[in-house]
Each structure stands twice: as structure tokens, then as C-alpha cells.
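A look at the structure
The lines below spell out each chain.
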Amino acid sequence: MRTEAIDRVTLVFSLFDADGNGRLDPEDFELMASRVTAAAEGSGEGARARMSAAFQRYWETLEGELDANGDGRITLEEYRACVLAPERFAGTVREFAEALAALGDPDGDGVIERPLFTALMRAIGFAGPNIDALFDAFGPDGEDRIAVATWVAGIEDFYAPDKAGIPGDHLVGAAV
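Everything numeric in this text was worked out from a predicted model, so none of it was measured.

**Things to note about the packing of helix α5 (residues 86–104) against helix α6 (residues 114–124)**
In helix packing, the relevant descriptors are the interaxial angle and the interaxial distance, both defined with respect to the helix axes. Viewed as axis vectors pointing N to C, α5 and α6 meet at an angle of 130°, and their least axial separation amounts to 9 Å. One element, α5, and the other, α6, form an angle in the oblique class. Between α5 and α6, the contacting residues are Leu 100, Leu 103 and Gly 104 on the first element and Leu 116, Leu 120 and Ile 124 on the second. In terms of residue class, the contact of α5 with α6 is built from five nonpolar, one polar and no charged.

**A word on helix α7 (residues 128–137)**
Residues of α7 that are buried include every one of Gly 128, Asn 130, Ile 131, Ala 133, Leu 134 and Phe 135, and no others. Looking at the buried residues of α7, the elements they touch are β1 (111–113), α6 and β2 (145–147). One or two residues past the end of α7 sits Gly 139, with phi positive at roughly 75°.

**Examining the packing of helix α2 (residues 26–38) against α6**
Where α2 contacts α6, the two axes come as close as 8 Å, and the packing angle between them is 160°. Compared by their axis directions, α2 and α6 come out roughly antiparallel. Viewed along their axes, α2 and α6 form a crossing whose handedness is right-handed. Seen from α2, the contacting residues are Met 32, Arg 35 and Val 36; seen from α6, they are Leu 120, Ala 123 and Ile 124.

**Topic: the UniProt feature "domain: EF-hand" (unreviewed entry) in the chain**
Taking the numbering used here, the UniProt-annotated feature "domain: EF-hand" (unreviewed entry) corresponds to residues 4–39. Between the end C-alpha atoms of residues 4–39 there is a gap of 28 Å, over a span that is 72% helix and 0% strand.

**Considering the pattern of salt bridges**
Think of it this way: side chains of opposite charge can pair up when their charged atoms draw near. Taken as a whole, this structure holds eleven salt bridges when the rule is applied. In this structure, Arg 145 engages Glu 143 in a salt bridge whose closest nitrogen and oxygen atoms are separated by 3.8 Å. Among the charged side chains, a salt-bridge network with shared partners connects Arg 50, Arg 94, Glu 98 and Glu 156.

**Let's talk about helix α8 (residues 148–158)**
By the burial criterion, the buried members of α8 are Val 148, Trp 151, Val 152, Gly 154, Ile 155 and Phe 158. Projected onto a plane normal to the axis of α8, the buried residues spread over an arc of 160° and lie on a single side. Its buried side turned inward, α8 meets α1 (3–16), α5, β1, α6 and β2.

**Observations regarding the side chain of Arg 8**
Here Arg 8 shows up in helix α1. Residue class for Arg 8 comes out buried when judged on its relative accessible area of 0%. Within polar-contact distance, the side chain of Arg 8 engages the backbone oxygen of Phe 158 at 2.7 Å. One polar contact links Arg 8 to Asp 169, side chain to side chain, over a distance of 2.6 Å. Each residue touching Arg 8, except ones within four places of it in the same chain, is listed here: Asp 157, Phe 158, Ala 160, Lys 163, Ala 164, Ile 166, Gly 168, Asp 169 and Val 172.

**A word on the packing of aromatic side chains**
Two descriptors summarise a pair of aromatic rings, namely the distance from one centre to the other and the angle between the planes of the rings. Inspection of the entire model under this criterion finds 17 aromatic pairs. Ring geometry for Phe 16 versus Phe 55: centroids 5.9 Å apart, planes at 75°, classification edge-to-face. Linking Phe 16 in helix α1 with Phe 55 in helix α3 (residues 45–66), this pair joins segments that are 39 residues apart in sequence. By relative accessible area, which is 2% here, Phe 16 ends up buried. Residue Phe 55 is classed as buried on the basis of its relative accessible area of 1%. An angle of 75° between the planes, with centres 5.7 Å apart, marks the rings of Phe 158 and Tyr 159 as edge-to-face.

Thresholds applied
Chains are numbered independently. Their residues run from 1 in the order of the written sequence. Side-chain atom pairs in this predicted model are given and counted only at pLDDT of 80 or more, local residue features only at pLDDT of at least 70, and totals for whole chains, interfaces and linings cover all residues. Water and hydrogen atoms were dropped before computing side-chain values, which therefore reflect all heavy atoms in the structure. Think of each axis as a best-fit line through the C-alpha atoms, taken over the contacting stretch in the case of a helix, with angles from 0 to 180 degrees between the N-to-C directions. Strands here are runs of E lasting at least two residues and helices are runs of H or I lasting at least four, both read from the DSSP assignment and numbered beginning at the N terminus. Oblique is the label for any angle not under 35 degrees, not over 145, and not in the 65 to 115 range, which are roughly parallel, roughly antiparallel and roughly perpendicular in turn. Any two residues having at least one pair of non-hydrogen atoms within 4.5 Å are treated as being in contact. Each residue is assigned to one class: nonpolar for Ala, Val, Leu, Ile, Met, Phe, Trp, Tyr, Cys and Pro, charged for Asp, Glu, Lys and Arg, and polar for all the others, Gly among them. We call a residue buried when its accessible area falls under 20% of the maximum for its residue type, exposed when it is over 50%, and partly exposed in between, using a 1.4 Å probe and counting protein chains only. Left-handed describes a crossing whose near helix is turned anticlockwise from the far helix through less than a right angle; right-handed describes the clockwise counterpart. UniProt positions are given in the numbering used here, feature names are shortened, and annotations may be inferred rather than shown by experiment. The rule for a salt bridge is simple: a side-chain nitrogen of Lys or Arg has to be within 4 Å of a carboxyl oxygen of Asp or Glu. In this description, one arc is meant: the one made by directions from the helix axis to the C-beta atoms. For the purposes of these results, a polar contact is taken to be a pair of N or O atoms within 3.5 Å, where, inside protein, one atom must be able to donate a hydrogen and its partner to accept one; residues adjacent in sequence count only when each atom of the pair is a side-chain atom. Pairing of aromatic rings covers Phe, Tyr and Trp, the last counted by its six-membered ring, and requires centre-to-centre distances within 6.5 Å; plane angles under 30 degrees mean stacked, over 60 mean edge-to-face, and any other angle means tilted.

In C-alpha cells, the structure reads:
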């Protein structure tokens, strides 16, 4: 497992821990879903519902895979074990990635404009300079847009334990 992958999921854990108590629980995912869907300007109710369902599935996958003692909480160590195991978590990541990208493409034209991308990523909790560095690493077109498929693949790569030097690494630490 690459250090870069551990750094990426450690960051995501800290963002998903919306109440800052050091553990993930269902309330964290409900809060995150509400923040992200609120930032999805122009998205319809179907796309918002899909995103909320993806957050719910994300939580249910974690709980089902990791909450052996049934306390309804997931620690950072438990989280790392699941999300960095593609065989256990790939379907959940894919569903989440597709739902988030759909929010970023409310008109369905297959591309995501920087302002909405930035709003969604800020709603998750990523820092502005890091978001800009990530968007630039995705290679926007002349109209400052990226393909939906590029973002979906980028999210999937973000959770891959064997990947390094990927655009998602721009989200960890100081913007490069």
C-alpha cells in the first residue's frame, strides 16, 4: 500500500468526520450529504437524491464491513482497512463518484465547469488552492471544463492503494 494512498484516505476521513469527534457515524454522512447537495446549483432533485443515496451507501458499506462491535462508529484505522481494499469498496466508490459527477453536470452535457466543481469540492471540505490544482491536473478544455468521465476516474484513482502521482494527490497537503 502506497503512502500517498494512506494520506489521501486520512484526509477524506477527517473531512467526513463532520463533527470532529475522531469517528465516523451515520450523522457525519447525513451532514456531508446535505452540504454537498446544497452546493449543487442547477442540479435536479433526482441527482440530489442519488448523491444522498450514495452517501448513505458509503456509510452502510463501512458499517457492514467494519463495525464488528456494532457501536455504529468507524475509526480511522477501520476506515483505512476498508476503503483501501478495492475488492471490498470499489462498487461504493464508483457509485459515489458517479453521483458526485452527476451533480457537477446538471445539464447533462458530459462536462463539468470549474465553478460548480469548486463549489462541490468546497462543500466536501477540500481547500481552494488544492481544488484548483486538482482541476488543472485533470486537463480542462479551452472553456475551463473537464469531462465527467475524467472526474469519475479521478475519484476512483484517489481510493486506489497502488496509485501515486495522480491528480488526486493535489488534494493532500499544500497545493503544488
